[in-house]
Every structure is written in C-alpha cells, then in structure tokens.
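Coordinate analysis (summary)
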Amino acid sequence: MTAPLLEIEDLAVRFDTEDGPVEAVDGLGLRLAPGEILGLVGESGSGKSVTAYAVLGLVRPPGRVLRGSIRFEGRDLLALPEAELRRVRGAGIGMVWQSPRTALNPVLTVGHQIARLLRHHRGLPPRAARERAVEMLRLVGIPEPERRARQYAHQLSGGMCQRVMIAMALATQPRLLLADEPTTGLDVLVAARIMELLKDLGRRTGAAILLITHDLGTVAESCDRVAVMHAGQLVETAPVRTLFRDPVHPYTRALVAAIPRVDREVALEPIPGAVPSLLHAPPGCRYAARCALATGRCRQERPALLPIAPDHQVACFAAEPVA
Amino acid sequence: MGFGGFLLRRLALTVPTLFGVTVVGFLLAYMLPGNPALVKAGPFATPDFVAEVERQMGLDQPLPVQYLRYLGALLQGDLGLSSSTGRPVLADFAQRLPATLELTLAALLIAIGIGVPLGVLSAIHRDTLLDHAGRVLSVAGVAMPSFWTGLLLIYVFFYLLDLAPAPLGRLAPGLQPPAAVTGLYVVDSALAGDWPALRSALQHLALPAATLGIAVMAPVARMVRATMLETLQSDFVKAAWGAGLPPRRVIYGDALRNALIPVVTILGVVFGFLMAGNAVVESVFAWPGIGNYAVTSLMTKDAGPIQSFVLFVALMYVVVNLAVDLLYGLIDPRIRLG
Ligand SMILES: Nc1ncnc2c1ncn2[C@@H]1O[C@H](COP(=O)(O)OP(=O)(O)O)[C@@H](O)[C@H]1O
Ligand SMILES: [Mg+2]
C-alpha cells in the first residue's frame, strides 16, 4: 500500500456549549491514499463537517480538538504552527464548502476570489491570475467564463455557484479536496453533473477527494471507499462494492436498506430513532439506543474499529469473532 | 428601473416630508412666546406703531393665510428677514453655513476615524480588556451631554494645559480669513499656503470637532462591532480562512468590507445627530455657524431664522439619506440599481 496522503488517528473534537460539552467527533480514524476518493457518510449532525474543519485547522471556540493526529503528507497538521498551516490550507488542501452561495464573498466578483488565491499561493502576477481564474471557470464548465468572472455570487444559480466553488478549491492544484455535501440543495440533474465534474477533475489533477455526504447513493457512483459515521463515531469502513454488498454494522445495513431503488418494491426501511444527542454522550456505542441487536455490553463499552477482512473494518461487538 | 427613475422616485418621496417640515417649522415659530412685532418695533415703540408693524408683517391675518404667505415666499427662495441682523435670512445662512460644514465634517471624520477601528478591534478582541474599555468609552461618549463634554475639554485643554486657544470662533483674532474657495478655513488656508491661518484654524477646530465627534463616535463603534462580529462568523469569512489567506486580508478585505455596508445606513442618523449637536457645540465655542445663529435667534424670538433652521436641517437630513441610499447601491453589488 502506498503511503497515505491523509491519515487521521483517534481524532476527538468537543464543543463546550451552554448546555454542556458536545463530543461532535469521537475517536475518528481515516486514511486516504493519493488520488483516492473516499466517501464520508452519515446523517446530518454526525460530525462530518466538523471533521473537515479539523483537517483544515478551523475548529474555533467553543470547539477544540481534544486529542488525535491528522497527518497530511507526513506532517501532523494539529502540531503545525498557524503560519505553516495557512500554507497547507488552500495550497495543499482545497475545500468545497457546504453552501456555496454563502461561502462566496458577496461583494467580490467570483473571478477576483479565484484570482487572489492564485496570487497568494502560486505567486502569479495579477494579470496572469485573472486569466487563469477565467481558465478555471471554463474548466468547470461555466459558459461565458470571461463574463461570469466579473459577476457576483448573487448573480449566479446554485449549480453555477457550486462550480465556482470547485474552481476555487482546485485552482491552486491541491493534493486533497474536501468536498462537503457538494450536491446538497441542487436538483438531481445538476447534482449528477457536479459529481461527474468532481470525479473527472480529481482524476485529471490527481487530487484525492474526501467526499462528505449524507446520501449513500452519491457515494455508490463516485467513491473508491466509504467510511460511515454515526454520532461522531466511525462505525464501518470498506471499499464501495463490499459496503453495498455486505454491510456489517447494523447502522450501515439500515442505511443501505434505506436507499431507494428502482428494482425493489419493498418500502424504505427508515432507521428507527434519531441521531442521539451528543450532550453527555454515554460511554458505550452511540448506536446502541437505536440498534435492534444492542446488549448491555454495547451500552457500557465502546466497540473498537477492527478489521473483519482486508480493508474492511467494523466497530460492533456483534461483528467480532467470538473469542 | 434605471438610475434616473430611481432618483426621481426617491426625490418625489421627499416632497411630502419637506412639506410636513414647513408646517412644523411654521407652527413652532408661531407658538414661540412673545410678539415678534414687538421685538422688531423696539422697546420704545408706541402701541399704534406695534399694531402697524403687526399689519406689515401679516400677523393680524388668520393662521392658514399666514402659513400660505410663508410657503409662497419660501418657494421664491425668500426666507424672510432676520429682525436681529436686519438682513435676509438666506444671506445670513449662506455666510454661516461653511463654518457649520467645517465643524460637522471634522466631527464626522473624528467619529469614523476612531469609531471604525475601535469597533473592529473590539470585535476581533471580543470580551477582552480592550473590548470592555471600548464599551466604557462609548457609553461615556453617549451619556455625556455635548455642552458638558465641550466645557470639560475647554477646562482641560485651554484652562489647565493651555494647549488650545480660547474657545472663540474659527481663527485667532488679528488673523485674516483665507480667500474663500470652499469656505472651509482649513482647506482654504492650505490652498492659499497660509500656514499661520491653517495652524490657527486647526487649533480652533480641534476642540469643538472633538466634542461633537465623541458624541457620535459611540454609535458608529457599536454598530461596527456588532456587524463585524456577525460577519466574522459568516460562511465566506470561514471559507477565506480555509483558503489560507493571511489574517489581515481576511479581516480587512473580507470581513470589514462586508461589515461596513450596514454601517453606511446609520450615517444618515449620525448626521442628524451632528446637526442637532451643532447648535449646542457652536454656542459653547462661539462658533459662527448656523447652529449658533439659530440659538441666538431663539433667544431674541427671531422667527425667520428659526423656521429656516428647522427647514434646513430637515433638508440636509433628506439629502444625506438620499446620498446614503445611493452610496449603499454603490458599495453593495447586491442592490446595484437598474
Ligand atoms: N459551532 C458549534 N457549536 C456547538 N456545537 C457544534 C458547532 N458546530 C458543530 N457542532 C456540533 O457538532 C455536531 C456535528 O456537526 P456537523 O459536523 O456540522 O454535522 P454534519 O455531519 O451534518 O456535517 C452537531 O450536531 C453539533 O452538535
Ligand atoms: Mg455538514
């Protein structure tokens, strides 16, 4: 196996809210090889975005990283001084933000917003940066890129904003792209095109992609591997085919069963219960309260993420071989 | 809708406002205690002569007739005569306006020059000593009445420290005002290269401008702090951090630019505040502006200047708010007109 591009170990992020501490991410581990597309899946509120913020070093009070390490190209980002971290952000790691329209500055033209990154990170002179920005807009499939470059976010459609966001994230040719719900809020057709674009650009630039989504369907078509998150904890990780064919963790199985499919008449099986409150989270498995297989042990003790096959790991006592 | 259309509609909207102001101004002057005819006729006039003056001034007519006469004259640019100076009010105004403008602009400059950085720093260093100090300063600035701030500054800088000149007018006695170009002594003396006059004009301007500026600095600082805090939390500022842009670029380029947009809207309010404050501050510093003129006229029950002052302030208010609206369209691409 090649050296991982990104390796997260035992990451824990806590928010100290007025109601008490919220463990938004608890003991998360991930590996991403160069050029790989990894899907990070989970219901809303399961800590996916917070994980991405942690990678960029953007967890701000009331939040803080409790423990863990995030190694990018061999360097621990959590130990990096702020000035060096700024060189990694944007230049080494690009981010596609969850809501592209509000993540674009409303009073700067989109062309300017791309160009200034090129000037800052790549040292391009203003003119060259502007031209390259227009090139990027063309590359992400925006018609009339010269004209669009002079426009503001409010003058663009949602799909167009998302393309701008992608152009911005990839302009500096980062080795890793964090794409946070890149298709949420777009209609199906536009969403499909955006996913195509991401995959295509990832292949062409060699950038690895961490694709964050709450929609397992998106993952099936785009990713090499999948990591499933539930309430801040990683419950299962496997190659896409394995995960869809043999999901092991009860939560993954519920998610897979809930995917709407044309060839299946069975009604959707909704996952019982909601994502549990992360306030004063219980010590055991956070899925226990929603799990049909839960035992007393599940509520007391936290199952570790253990391999059950090469490249397939599950955190569930029911999946462990009986000792 | 084109820009011209917008402007026209906006101007049309000001007509009822200004009309209302003429009514208020008129009634205000009417209700002033005392008889203007008596003042005009002088202390030794006979009752017959006073009645004659009343007839001349139209004071014996019913109220609506008096108002219509007043309005008719107004439309011809006739603001009436000042009974204390004996000159047309319009001429008195024109003569005093530059002094008021100079004071108001200087105060605005001080308010923005201190208020904006103070607001930004308070937001960035939220809940630190600096933030609290800024808050105390702001509250004090608002809570202290202008005449008190003015007297305090005079006491400290003129009486105790002898750093400022006597609070009497715009220039040291004996100095000639510079040739009028803008009417602002600071600008004109600089244009003329008259350094002693420039020095003296700045010295005389400093305390009254500071008095007025301190009063309006507070709302500016609080507003900037609030909008800055909100903007710093916004998605696009987070995205700018996430893109590895340097902090100064993010704070001033991304956050402040957006935070200042709503601040522009309160400039209209701030300006109104300044106009009201002018009357007091000009009196304290014997500043020969229209605020001072209005206060003097109030004392002598000189109706013409008072009505005109009210009308003028309202007019300025309307114009400034119009300018603010237009400015808003310029700096916020989301509401670009047309
Ligand atoms: N600024 C914050 N303050 C307090 N809690 C937060 C904050 N941001 C995130 N959280 C907590 O972290 C949890 C995970 O959030 P997030 O990562 O945004 O979920 P998602 O998987 O939908 O992206 C949320 O449920 C919330 O409780
Ligand atoms: Mg999210």
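Computed from a predicted model, the values in this text were never measured in an experiment. (Residues numbered from 1 in each chain as written. Chains lettered and ligands numbered in written order. Predicted model: local features only at pLDDT ≥ 70, side-chain atom pairs only at ≥ 80, totals over all residues. Heavy atoms only, no water.)

For the rest of this paragraph, the subject is the site of ligand 1. All names here are of chain A. The environment of ligand 1 is made up of Phe15, Thr17, Val22, Ala24, Glu43, Ser44, Gly45, Ser46, Gly47, Lys48, Ser49 and Val50. At 3.2 Å from an oxygen atom of ligand 1 is found a main-chain nitrogen or oxygen belonging to Ser46. Take Gly47: an N or O atom from its main chain is 3.0 Å from an oxygen atom of ligand 1. Contact with the protein chains removes 67% of the 560 Å² of surface that ligand 1 exposes when unbound. Of all the secondary structure elements, the ones that give two or more residues to the shell around ligand 1 are strand E1 (6-17), strand E2 (20-32) and helix H1 (48-56). Its residues placed into classes, the shell around ligand 1 shows 4 nonpolar, 6 polar and 2 charged. (Near = heavy atom within 4 Å. Polar contact = N/O pair within 3.5 Å; in protein donor to acceptor, adjacent residues only side chain to side chain. Areas by Shrake-Rupley, 256 points an atom, 1.4 Å probe, with all protein chains shown as cover. Helix = DSSP H or I, 4+ residues; strand = E, 2+ residues; numbered from the N terminus. Nonpolar A, V, L, I, M, F, W, Y, C, P; charged D, E, K, R; others polar.)

A few words now on the interface of chain B and chain A. Taken together, the contacts link 22 residues of chain B with 22 residues of chain A. A buried area of about 1900 Å², summed over both sides, lies between chain B and chain A, and 59% of it is on carbon and sulfur atoms. Viewed at the interface, chain A and chain B are joined by 1 salt bridge. With its nearest N and O atoms 2.8 Å apart, the salt bridge here joins Asp254(B) to Arg116(A). (Contact = heavy atoms within 4.5 Å. Buried area = accessible area lost by both parts, 1.4 Å probe. Salt bridge = Lys/Arg side-chain N within 4 Å of Asp/Glu carboxyl O.)

What follows deals with the UniProt feature "domain: ABC transporter" (unreviewed entry) in chain A. Within the UniProt annotation, "domain: ABC transporter" (unreviewed entry) is assigned to residues 6-256 of chain A. Secondary structure across residues 6-256 of chain A comprises 41% helix and 28% strand; the distance between its end C-alpha atoms is 27 Å. (UniProt positions renumbered as here; feature names shortened; annotations may be inferred.)

Moving on, we get to the domain arrangement of chain A. Residue and element names in this part refer to chain A. As far as domains go, chain A holds domain 1 (6-92 + 174-319) and domain 2 (103-169). Domain 1 and domain 2 are separated by 29 Å when their C-alpha centres are compared. Listed per partner, the contact involves 16 residues of domain 1 and 10 residues of domain 2. At the boundary of domain 1 with domain 2, total buried surface from both sides reaches about 1000 Å², with 68% on carbon and sulfur atoms. Broken down residue by residue, the surface that domain 1 buries against domain 2 is led by Ile194, Leu197 and Leu201, which jointly contribute 35%. (Domains from an automatic or database assignment.)

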